[in-house]
Amino acid sequence: MVKAKTTFYCQNCGAQSSKWLGRCPSCGAWNTFVEEVIQREDKGSRKSIYRDARSAVPTKITEVPYDHEKRIQVQDQELNRVLGGGMVPGSLVLIGGEPGIGKSTLMLQFALNSRNLKVLYVTGEESEHQIRMRAERIGIKNEECYILTETATDAILQHIEEIRPGMVVIDSIQTLHTDIIDSSAGSISQIRECATEMQRLSKLSGIPIFLIGHITKDGSIAGPKILEHMVDTVLSFEGDRNYGYRILRTVKNRFGSTSELGIYEMRNNGLREVSNPSEILISQREEALSGVAIAATVEGLRPMLIEIQALVSSAAYGTPQRSTTGFDARRLNMLLAVLEKRCGFRLGAKDVFLNIAGGIRVDDPAIDLAVVAAVLSSNADTPIDMKTCFAAEVGLSGEIRGTNRIEQRISEAEKLGFERIFISAYNLKGIELKKFSIKIAAVKKIQDVFEKLF
Ligand code: TYD
Ligand code: MG
């Protein structure tokens, strides 16, 4: 068997070398050489479900067969949601996340719950025995779930051809290797080759494939960036390990929106879907406390209410501290500057701590007003009425700006028993006030909020 011919290229300038070099002699960049296959070994004429596809011919777009976006509904509603309304046949999905966050648990649970679907769960990280132990914890509902402990891509492809599953899970893409490249499993060129094979398989056979991916120190998926380009959907599984909640976020999706969010709770018998997040994100309290404000936010299509907690205290040391959990620290600094400049609050000599309850991270700008309210409440040591919530963005000049999906936010707040919601006066135009029984407090400037609130 002839080995594939490989060569090394500098990712920076494209210089070529027959062996790996630490520093590119041509452009001087460090650690940029990557092995590339320039001639594959002859694979023979192995018959397969995907390699014998005829080469494509140009087709009129109207003649391309169209079967009204076929989607496979899975048992897991949160997963359906983040995939954009179900699994698409022939799609390649990449799930990334920190070690121990529960990627394998999520996928195994998905495989075990998918009744009437033949699933092949390929693992290169755990033994069959370990998987069985975990499966017992989660509960086996799907007898047609096959476990394969294998890391050689060719062997996996052969097994897929034999079993012909309805869905494949690869745990993880970093453990796969192919013989055509010498470098070790997990290296950039190995990951790329193996992912390419998986992509070809999914596209030509129509089998949806889920790849689990490790992430690097800085939070991106380990391996070449091209991996994210290659797949149809990138999901990120995140959460604070100190809390039981896990969030499945869509980072890229060729078949749906990218702002969807799935929420789970890690139990000792697997992950539980959380269908009503507001209930868990707002702590149950008997009496109103200062420094707490509720924001009506929307993540993707789902409205939810979250609790913002702020603590403002005199700075014990020279430089005041600003610390946030789940919220952008720069955005907090900006909001504090607006408060200082527009309302004359002297927060410059105060420590400010901000926390979003439940350990979730929110990017929605419409939580600004709740952040401001929480800070003001803590600063004045005056609690905000427990039945009040907020949904608006704050601009640099202290104006309260409108936000999208305002009706959804209002109705969610109403549904959860809130009696008053602060929104921007600029949002009033588009909404039918009669529809709601909740009291709507429309504000234009940050000063108005302060007057109405306390
Ligand atoms: P795992 O799926 O192995 O993480 P990853 O594949 O992302 O590295 O998750 C393991 C963690 O989940 C581990 O800390 C134990 C916990 N866990 C539970 O709390 N309950 C369960 O039912 C299971 C199966 C795992
Ligand atoms: Mg794992």
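Rules used in this analysis
Residues numbered from 1 in each chain as written. Chains lettered and ligands numbered in written order. Predicted model: local features only at pLDDT ≥ 70, side-chain atom pairs only at ≥ 80, totals over all residues. Heavy atoms only, no water. Domains from an automatic or database assignment. Core = buried A, V, L, I, M, F, W, Y, C linked by side-chain atoms within 4.5 Å. Buried < 20%, exposed > 50% of the residue type's maximum accessible area, 1.4 Å probe, protein only. Helix = DSSP H or I, 4+ residues; strand = E, 2+ residues; numbered from the N terminus. Contact = heavy atoms within 4.5 Å. Salt bridge = Lys/Arg side-chain N within 4 Å of Asp/Glu carboxyl O.

S.K.: A description of the domain arrangement of the chain should follow, citing residues and the corresponding values.
M.R.: Domain boundaries in the chain define domain 1 (5–39), domain 2 (72–275) and domain 3 (281–453). Taking the mean C-alpha position of each, domain 1 and domain 3 sit 52 Å from one another.

S.K.: So what's going on with the nonpolar core? Residues and values would help.
M.R.: Counting 45 residues, the largest nonpolar core has Ile306, Ile308, Ile367, Leu369, Val375 and Phe390 as its most contacted members. The element that contributes the greatest number of residues to this core is helix α9 (residues 368–380), accounting for eight residues. Split by domain, the residues of this core number at least three in each of domain 2 (72–275) and domain 3 (281–453). Every residue in contact with Leu369, bar those within four places of it in the chain, is listed here: Phe390, Ala392, Val394, Ile400, Phe422, Val443 and Val449. Core analysis: the next-biggest nonpolar cluster, separate from the first, contains 30 residues, Leu79, Leu106, Leu117 and Tyr121 among them.

S.K.: Can you lay out the environment of Glu399 for me, pointing to particular residues and giving the numbers?
M.R.: Tracing the backbone through its elements, the reader meets Glu399 in the loop between β18 (393–394) and β19 (400–401). Of the residues examined, Glu399 reaches a relative accessible area of 24% and is grouped as partly exposed. Sequence-distant contacts of Glu399, defined by excluding residues within four places in its chain, comprise Glu393, Val394 and Lys444.

S.K.: Run through the pattern of salt bridges, naming residues and quoting values.
M.R.: The tally for this structure, following the rule as stated, stands at 17 salt bridges. Glu78 is the salt-bridge partner of Arg81, the closest N and O atoms lying 3.3 Å from each other. Taken as a pair, Arg81 and Glu78 lie in helix α1 (residues 77–82) at a separation of three residues, close to a single helical turn. On the accessibility criterion, Arg81 (27% relative accessible area) is partly exposed. It is possible to trace a salt-bridge network through shared partners that takes in Glu238, Arg249, Glu299, Arg361 and Asp363.

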